[in-house]
Amino acid sequence: MATSKNLNGFQPSRMRGGAYNTSGMNEYDIANGNNVDIFQGDLVKIVDGAIQKVSATGNIVSGVFMGVNWVDPTTKQPTFSNYYPANTSSSTGKPKALVLDDPNATFTVQADATVTDAQIGLNFDVTLGSGSTITGISGFGMKGGSGAATAKALRLLRRSTLPGESATDQFPKFEVKINTHRDHYGIGSVVSIADI
């Protein structure tokens, strides 16, 4: 039951249209020394060939960050984490982000305010919250309040089917699709760096 606001990012749900859901992820580089934490469940974008956390609600999204690995410069040991700690570098190559990047994937996300069932099918913005360096989990969510038929980052598909969810929840959870995904945005047109 979502009676308290506890935003924890975008959690994989299913594939839109009933396709088999592998929750498959692909590796992307993170620039050595990138100065921003990236948490599991954060929306990410590609800038200059590397993954970065989405920094504005209108950014073109490449997927959802699920974890990272790198070779520790001191111990020379492979390191795996739920989140990328800011200013981390790999002694071999670059840190590798695991990103769930299928544009047909759907996600469960919590709203930061009340959303009614009458708003299902409308579009909503993203809440760019801070994650936890203890759990490595995102603080992203969906902006509640009024949805719109105009372009926004998320399409509200349906109320979450997780146990305990209620239509009267103050901070409800919903299944959403990413509207501004790079692989669907503009029907395959190349997105300029100015749009990111």
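Structure report, in brief. Keep in mind that what you see is a predicted model, and the values were worked out from it rather than measured.

**A word on the overall build of the chain**
(1) Moving on: What the chain contains, in helices and strands, is 0 helices and 13 strands.
(2) Moving on: Burial status across the chain gives 42% buried among its 196 residues.
(3) Moving on: Counted over contacts in the chain with a minimum sequence separation of 6, partners at least 24 positions apart contribute 69%.
(4) Moving on: Counting only carbon and sulfur atoms, one obtains 51% of the accessible surface of the chain, whose full area is about 9,300 Å².

**Concerning the nonpolar core**
(1) Moving on: Grouped together as the largest cluster of nonpolar side chains are 23 residues, with contacts concentrated most on Phe-10, Leu-43, Phe-107, Met-142, Leu-154 and Val-176.
(2) Moving on: Elements supplying a minimum of two residues to this core: β5 (63–71), β8 (105–110), β12 (154–159) and β13 (173–178).
(3) Moving on: With residues up to four places along the chain from it excluded, the contact list for Met-142 reads Val-109, Gln-110, Ala-111, Asp-112, Val-115, Phe-124, Asp-125, Thr-127, Leu-154, Leu-156, Phe-174 and Val-176.
(4) Moving on: Counting 10 residues, the second largest nonpolar core, distinct from the first, contains Ile-30, Val-44, Val-68 and Ala-97.

**A closer look at the sheet that holds β13**
(1) Moving on: Pairing within the open sheet is antiparallel, and its 5 strands lie in the order β1-β8-β13-β12-β9. Sheet topology places β1 (11–15) and β9 (123–124) at the edges, where each strand pairs with a single neighbour.
(2) Moving on: Bridging between β1 and β8 involves 4 bridges; their strand directions are antiparallel. Pairing of Arg-14 across the sheet is with Thr-106, part of β8.

**What about the packing of aromatic side chains?**
Two numbers describe a pair of aromatic rings. These are the distance of the centres and the angle of the planes.
(1) Moving on: One pass over the full model with this rule turns up 2 aromatic pairs.
(2) Moving on: Their ring planes at 10 degrees and their centres at 5.1 Å tell us that Phe-39 and Tyr-83 sit as a pair that is stacked. Pair noted here: Phe-39 is in the loop between β2 (26–29) and β3 (43–47) and Tyr-83 is in the loop between β6 (78–81) and β7 (96–100), with a separation of 44 residues, a long-range link.
(3) Moving on: The exposure class of Phe-39 is buried, given its relative accessible area of 3%.
(4) Moving on: Look at Tyr-83 and you get buried, because its relative accessible area is 14%.

**A few points about the environment of Trp-70**
(1) Moving on: Mapped onto the elements, Trp-70 comes out in strand β5.
(2) Moving on: C-alpha separation for the pair Trp-70 and Ser-89, spaced 19 residues apart in sequence, amounts to 7.5 Å.
(3) Moving on: Every residue in contact with Trp-70, bar those within four places of it in the chain, is listed here: Gln-77, Pro-78, Thr-79, Ser-81, Tyr-83, Pro-85, Thr-88, Ser-89, Ser-90 and Pro-95.

**With respect to the pairing of β8**
(1) Moving on: In terms of burial, β8 is largely enclosed, as 6 of its 6 residues are buried.
(2) Moving on: What you see with β8 is no split at all: Ala-105, Phe-107 and Val-109 on one side and Thr-106, Thr-108 and Gln-110 on the other are buried throughout.

**Considerations on the environment of Asp-112**
(1) Moving on: As for its position among the elements, Asp-112 is in the loop between β8 and β9.
(2) Moving on: On the basis of relative accessibility, which here comes to 18%, the residue Asp-112 falls in the buried class.
(3) Moving on: Along the backbone, Asp-112 and Gly-145 are 33 residues apart, and their C-alpha atoms lie at a distance of 8.4 Å.
(4) Moving on: For Asp-112, the residues in contact, after removing those within four places along its chain, are Lys-5, Leu-7, Thr-127, Met-142, Lys-143, Gly-144 and Phe-171.
(5) Moving on: A polar side-chain atom of Asp-112 sits 2.8 Å from a polar atom in the side chain of Thr-127.

Reading the values: the criteria
- The written sequence of each chain sets the order in which its residues are numbered from 1.
- Only residues with pLDDT of at least 70 are given local features in this predicted model, and only at 80 or more are side-chain atom pairs given and counted; all residues enter the totals for whole chains, interfaces and linings.
- Hydrogens are left out, water is left out, and the side-chain values use all remaining heavy atoms of the structure.
- Secondary structure elements are taken from DSSP: a helix is a run of H or I of four residues or more, a strand is a run of E of two residues or more, and numbering for both begins at the N terminus.
- Per-residue accessibility, obtained with a 1.4 Å probe over protein chains only, is compared with the maximum for each type, and a residue is labelled buried under 20%, exposed over 50%, and partly exposed between these values.
- Contact definition: two residues touch when any of their heavy atoms are within 4.5 Å.
- To measure how exposed things are, a 1.4 Å probe is used in the Shrake-Rupley method; for residues, cover is taken only from the protein chains shown.
- Side-chain atoms within 4.5 Å link the members of a nonpolar core, which is a set of buried Ala, Val, Leu, Ile, Met, Phe, Trp, Tyr and Cys residues.
- At least two DSSP bridges between two strands are required for those strands to pair.
- Two aromatic rings from Phe, Tyr or Trp, using only the six-membered ring of Trp, form a pair when their centres are within 6.5 Å; if the ring planes differ by under 30 degrees the pair is stacked, by over 60 it is edge-to-face, and anything between is tilted.
- Throughout this description, a polar contact denotes any pair of N or O atoms lying within 3.5 Å of each other; where both atoms belong to protein, one of them has to be capable of donating a hydrogen while the other can accept it, and for residues adjacent in sequence the pair is counted only when both atoms sit in side chains.

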